[in-house]
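Single-letter residue listing:
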Amino acid sequence: MVSPTMPHGLPPDTLSSGMDFLLNFLYSYLPEPPVCIAASLCCAAAGDNADRVSRLPDDLLRGVVSLLPSKDGARTTVLSSRWRGLWRSAPLVLVDTHLLPGGEDGERRPAHAGAASRAVTNAVSAVLESHPGPFPFASLTCSFMVHANDRLLARWFQLLATKGVDELVFVNRPFPIPGLRLPSAIFCCASLRRLCIGAWMLPDTAALPRSAAFPNLRQLFLSCVVMEANDLDFVLAVSPVLEILTVAGSLTPLRALLTSHSLRSVQFCLSIMNEIAVVDAPRLERLFLWKNWNERHGLSDIKTTVKIDHVSKLRVLGYLEPGVHLLQIGNTIIEAGTRASTHITVPSVQMLAVQLQFAFCSEVEMLPSFLRCFPSVETLVVESRAHRETLSNINLKIWQIANPIECVQSHLRTLAFHELQGRHNEFDFLMFIAENARKLERMFIVMKSELTYAERQVVVAGVGALYSAHWASKDCTVQYTISSLPVGGSSWNFPAGSELSLDDPFEAFRED
């Protein structure tokens, strides 16, 4: 995934702050094209006029052409008669930012609907009509699509489905238009393996034919989308080999019921989530939740239900938030003081991440109950969330009565504590871990950067007190550093969450 260097480029005064943030998030993490227009070419040595490249076999030359941006690939047809048919017979990487008129850097998308965006749209249509495919990668992110473009959109997807597309990035500008749906023909693109949809309203899945399907789709990224009831259920049902699902910015309330025998990693972030339920996902290994909220957030104390069941392979889970989530294991709702039992535990989880406000005892009181549900956790990531008010509701007995917690006593090897602010409840928790985690090998503490001098002194004193604690593990090392995260930032990393080979998807130890 690309680094955040290409935000949406739309006029800020036309967007709300929330939509501006969501769109920047979307454009910052679009998949990177497999071709680069910034590559340099070297001239042949002076006096050497031999055309050795044209002597190469056709298959090798097609491979060369397929690695060129679409403009450059088309230009090879004028080199000689030898090259004339190679562009049409080679797979084509289609990236519409490479087709922007008068621009060769591909870094700036049109800020308004106008001549530039229309020129790109026309160029895309011309390429799709003229090139026989296949398209191993297509990224269409520059067009301002409106209701008048319905027929054009249908034609695009008809061509992509017929000629074959492996990876597709399709983003409308600037945000979902009420009533303008993504063409249902997208479900005819049977060759798709990776799909990224942004700023669209999904098709009316209830009206789609039974033949609609993504038989080869393995990775799906939905961002700034409008989904109606059962849309996500439908997509999962027609994607039998889907392994990675990411929803970043569902603009309508979502009740996600995960039923899939292929899913391995699921991420929900920046979305309106009423419920997230793992109903039947026997291959699920990772479940990530970040900065979601209930549709009645701020109007009541209703929390987002997180229900976990039938997850024998779930290894990584987070962020659970005691102040935001109502955790349910099987049919049991987890409450403060809930005791451990076999029917309310998920023994497969080995890495757990939680976020909470240590200023609120109601959240701290839930933490022991959450931990009891995951008895095999070896790596625990705790992120302390700031609160504007200075509260004094300290309950020193929370951790005195918290034992037994099996994961802490018998399995925990690594603790990463992020954004330490110096609250008593934070140090009570750290002291509890130090005095009870018998197998702890490493405690990694990251102090919040935005603290006053006096607050930092409190943190330093608290960390110093840890060294005089009666540690349950004699082999534990303590590392201490200052956070590099911006105010309100998080150690969670969206691209890392989609990479199944990474051992630290939360980037909990990146300050190391």
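The rules behind these values
Residues numbered from 1 in each chain as written. Predicted model: local features only at pLDDT ≥ 70, side-chain atom pairs only at ≥ 80, totals over all residues. Heavy atoms only, no water. Buried < 20%, exposed > 50% of the residue type's maximum accessible area, 1.4 Å probe, protein only. Helix = DSSP H or I, 4+ residues; strand = E, 2+ residues; numbered from the N terminus. Pairing = 2+ DSSP bridges. Polar contact = N/O pair within 3.5 Å; in protein donor to acceptor, adjacent residues only side chain to side chain. Contact = heavy atoms within 4.5 Å. Disulfide = S-S within 2.5 Å. Salt bridge = Lys/Arg side-chain N within 4 Å of Asp/Glu carboxyl O. Phe/Tyr/Trp six-rings, centres within 6.5 Å; stacked < 30°, edge-to-face > 60°.

Draft legend 1. The arrangement of the pairing of strand β12 (residues 316-320) in detail. With 5 of its 5 residues buried, β12 lies for the most part within the structure. Examined bridge by bridge, strand β10 (residues 286-290) and β12 share 3 bridges and lie parallel to one another. What sits directly across from L287, in β12, is L317. When β12 meets strand β15 (residues 351-356), the two strands line up parallel, connected through 3 bridges. Bridge assignment links L320 to a residue of β15, and that residue is V354.

Draft legend 2. Expanded view of unusual backbone geometry. Cis geometry marks the peptide bond from G133 to P134, where omega comes out at 0°. Within the secondary structure, P134 sits in the loop between α5 (115-130) and β2 (135-140). The peptide bond linking G318 to Y319 adopts the cis configuration, its omega dihedral lying at -5°. Take Y319: it is sitting in strand β12. Non-glycine residue A199 carries a positive phi angle of around 60°. By secondary structure assignment, the location of A199 is in the loop between β4 (194-198) and β5 (219-225). Although it is not a glycine, L270 sits at a positive phi angle of roughly 55°. Following the sequence through the fold, L270 ends up in the loop between β8 (265-269) and β9 (273-280). We classify L270 as buried; its relative accessible area is 6%.

Draft legend 3. View of the pairing of β8. Within β8, 5 of the 5 residues are buried, which leaves the element mostly enclosed by the surrounding structure. A two-sided burial pattern is seen for β8, the buried positions comprising S265, Q267 and C269 on one face and V266 and F268 on the other. Examined bridge by bridge, strand β6 (residues 244-250) and β8 share 5 bridges and lie parallel to one another. Across the sheet, residue V247 finds its bridge partner in β8, namely F268. Bridging between β8 and β10 involves 5 bridges; their strand directions are parallel. Opposite Q267, over in β10, you have F288 as the bridge partner.

Draft legend 4. Expanded view of the sheet that holds strand β11 (residues 304-308). Taken together, the 5 strands give an open sheet; going across it, the order is β7-β9-β11-β13-β14, and neighbouring strands pair in mixed fashion. The sheet terminates laterally at β7 (254-259) and β14 (332-333), the two strands that pair on one side only. One ladder, built from 2 bridges, connects strand β13 (residues 325-329) with β14; its direction is antiparallel. Across the sheet, residue Q328 finds its bridge partner in β14, namely I333.

Draft legend 5. How the structure looks around the side chain of T121. By the element assignment, T121 lies in helix α5. A polar contact of 2.6 Å, which involves the side chain of T121, links it to the side chain of S143. For T121, the contacting residues outside a window of four places in its chain are S143, M145, L152 and W156.

Draft legend 6. Just the state of the cysteines, in detail. If you walk through the whole model with that rule in mind, you get 0 disulfides. Summary of cysteine pairing: C189 is not part of a disulfide, and the nearest cysteine sulfur, belonging to C188, is at 7.1 Å. A relative accessible area of 1% places C189 in the buried class.

Draft legend 7. Highlighting the pattern of salt bridges. Enumeration according to the criterion identifies 9 salt bridges in this entry. A salt bridge links E243 to R218, with the nearest nitrogen and oxygen atoms 3.6 Å apart. Placement of E243 in the loop between α7 (231-237) and β6 and of R218 in the loop between β4 and β5 is noted, with a sequence separation of 25 residues between them. Of the residues examined, E243 reaches a relative accessible area of 17% and is grouped as buried. Between R413 and E441 there is a salt bridge; the shortest N-O distance is 3.0 Å.

Draft legend 8. Spotlight on the packing of aromatic side chains. Enumeration according to the criterion identifies 13 aromatic pairs in this entry. Ring geometry for W156 versus F170: centroids 6.4 Å apart, planes at 65°, classification edge-to-face. Residue W156 is located in helix α6 (residues 150-163), and its partner F170 is located in strand β3 (residues 165-171); the two are separated by 14 residues in the primary sequence. Exposure class is identical for W156 and F170. Each is buried.

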